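In case you want the letters, here they are:
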Amino acid sequence: MMNALRPSSLFRPASRPSSPAPGPARPDAVTSADRAPRSIAKLTLTSFKKPSPAPTAPLSQAAAIVQDGSYLQVLGLKLSEAVSKALAQPTGPASAGEHLNGRRPIPAGRGRAFGTLIATELNASRENPHLRKAILRSLQRPLSTLLTNLSTNLLPLLSSPEFLNPPAPTPQVPNPNLTQSHALSLATFAGELLETFDELGLGLDSDPRGDGLKSVRESLVSVTARVIHPLVAGIKAEVMSLVEALEMPAPMPAVPAGAPKTAVSSKAVAQHPSLVTLQTVVPIYARALGRYFTTAPTQSYLASLEISVVWRALVALAHRVPPPLTPPASPTSTPVGGKRGRISGTTPPTTPPSTRFVLKLPPSRPPSPPALQPYMPPVVADSRILAGLLSSLPRPDADKGSTRLAREAVNDACDGLKALLRLLESVQTITTRDPVELARELGVLTADLPTLIALPILLNTYVFTGEKGGARTVSSMLGLPEEHYRQGCLTGFGRAEECTAAVGQRVLDVLLSTIPGILSVSAAEAVVRWLQSEIAAADS
């Protein structure tokens, strides 16, 4: 009977639970065919990233922030901090002899860095005029603090007796002293900040409803002028005195007793004492001016300095009394008495050397005679040396728009000095006899030269020669003292151009009325024709 009992399912362990019986289908259930598959991308790390930021707030919300004042408060703090860092003492090791009263000079570039900060904020608000005006108002207080600190640091330096000791660099003291170095660092800072003002056009409007920074600009310009102008004044006075001395010819060197006059070399005669001094000091002055005028806003004064020096050189060289147009004597002279005089005397003649009796063959061809160079007066060599010296001085930067016009003005002045040199050389070599052709050549030579500068050279070369009573001055023909004539008509390029027509007409009337037969001489007629064309060009 036990064998008849079969194990039932109650006593067997189930391998897995049985599936439940299917229930009734719900009406809202979705069949497997219509169900969308679950995306694997939902399980990636991208699902845990932060959502993208909200779009930029409209302009009305940005304006609300500005009106709230939070941005301007942050900007004011940033500008105040930048002002404090701009004039703070530099960190790092100091070089020897750099401290003055426990302070070091301001490093170059800080003014440019502060200006970059201002430019960044203003350029960012270019599309919002209301924000730009608010930033300009926020600049008033930091810039006022900056100017106060600059004046406080600069005043003791300018009042120190060491500021102008020496007044100009010398071969013994070519570099600025400590007081001058500290003052120049402050002037450089102000000049660098002025560069930003020029780039942004700040402080140019005198209208109080504008940016209101005109007084700040004027104060920065005053800082640079109070430092640079006194230092340059010493250099200008020294150079001007040396250039004015070129109007007088170089003194003839003393000839030893018993020595022939031809023993003096022409090089020693042509070397002017002022040029000897200029050759020593001009390289020193060039380096000093390069340190003074490191920023673009200050280089307009550099241009005026160089133009005034060039003009003074033109006046001095053009009014030097020319020497007589006679070539120098030959360096060799035949002793009196000829060959017979050399062998006469009580001393018997010496025995001729044996090489005298050697047969000498004639050369293959006779040697070429040396080329005869035209005689040039010393003023030509002086002009050439002076033009080379003045060309070594630093000039305004040609790459910046604010200084390009000043650079062109200096170049034009130096071209006038080169034109004077060409004229002085050409009047010694021109062989044209036809007055019309000679007048045309003179017009080409004087195209880049003021008429009142070329006039005394042509008069003393072609009109008032030795046969006509010697050299005469333009002032004597006008009936004015030389000093009054120069103060009234020769103060600069512009004034000389204004007086060209009046002075030229008066000189022309004197030539035609006081010199009989002037038109019968071809050279003098050429000068008259040239002067008539210059007057007509000035009146047009």
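Quick caveat, the model's predicted, so the values are computed rather than measured.

Student: Explain the nonpolar core to me, and be specific about the residues and the numbers.
Tutor: Counting residues in hydrophobic clusters, the biggest one holds 124 residues, and the most contacted among them are Leu143, Tyr292, Leu459 and Val507. Sorting elements by how many residues they give to this core places helix α6 (residues 214–244) first, with twelve residues.

Student: Tell me what's going on with the environment of Asp434, and back it up with residues and numbers.
Tutor: Relative to the elements of secondary structure, Asp434 occurs in the loop between α12 (401–426) and α13 (435–445). Classification of Asp434 as partly exposed rests on a relative accessible area of 41%. On a C-alpha basis, the gap between Asp434 and Glu525 in space is 9.4 Å, while along the polypeptide they are 91 residues apart. A polar atom in the side chain of Asp434 sits 3.1 Å from the backbone nitrogen of Glu437.

Student: How would you summarise helix α8 (residues 273–292) if you had to cite specific residues and measurements?
Tutor: Counted at 1.5 Å a residue, the expected span for α8 with its 20 residues is 28 Å, and the 28 Å between its end C-alpha atoms agrees. Residues Ser274, Leu275, Leu278, Val281, Val282, Ile284, Tyr285, Ala286, Ala288, Leu289 and Tyr292 constitute the buried set of α8. If you follow the buried residues of α8, they end up packed against α5 (178–200), α6, α9 (299–318) and α11 (378–391).

Student: Would you mind going over the side chain of Thr500 in detail, with residue names and values included?
Tutor: By secondary structure assignment, the location of Thr500 is in helix α18 (residues 500–514). What makes Thr500 buried here is its relative accessible area of 7%. Among the polar contacts listed, one links the side chain of Thr500 to the backbone oxygen of Glu497, at a separation of 3.4 Å. Discounting chain neighbours no more than four positions away, the residues touching Thr500 are Thr451, Leu452, Glu534 and Ala538.

Definitions and limits used
Residues numbered from 1 in each chain as written. Predicted model: local features only at pLDDT ≥ 70, side-chain atom pairs only at ≥ 80, totals over all residues. Heavy atoms only, no water. Core = buried A, V, L, I, M, F, W, Y, C linked by side-chain atoms within 4.5 Å. Buried < 20%, exposed > 50% of the residue type's maximum accessible area, 1.4 Å probe, protein only. Helix = DSSP H or I, 4+ residues; strand = E, 2+ residues; numbered from the N terminus. Polar contact = N/O pair within 3.5 Å; in protein donor to acceptor, adjacent residues only side chain to side chain. Expected span 1.5 Å × (residues − 1). Contact = heavy atoms within 4.5 Å.

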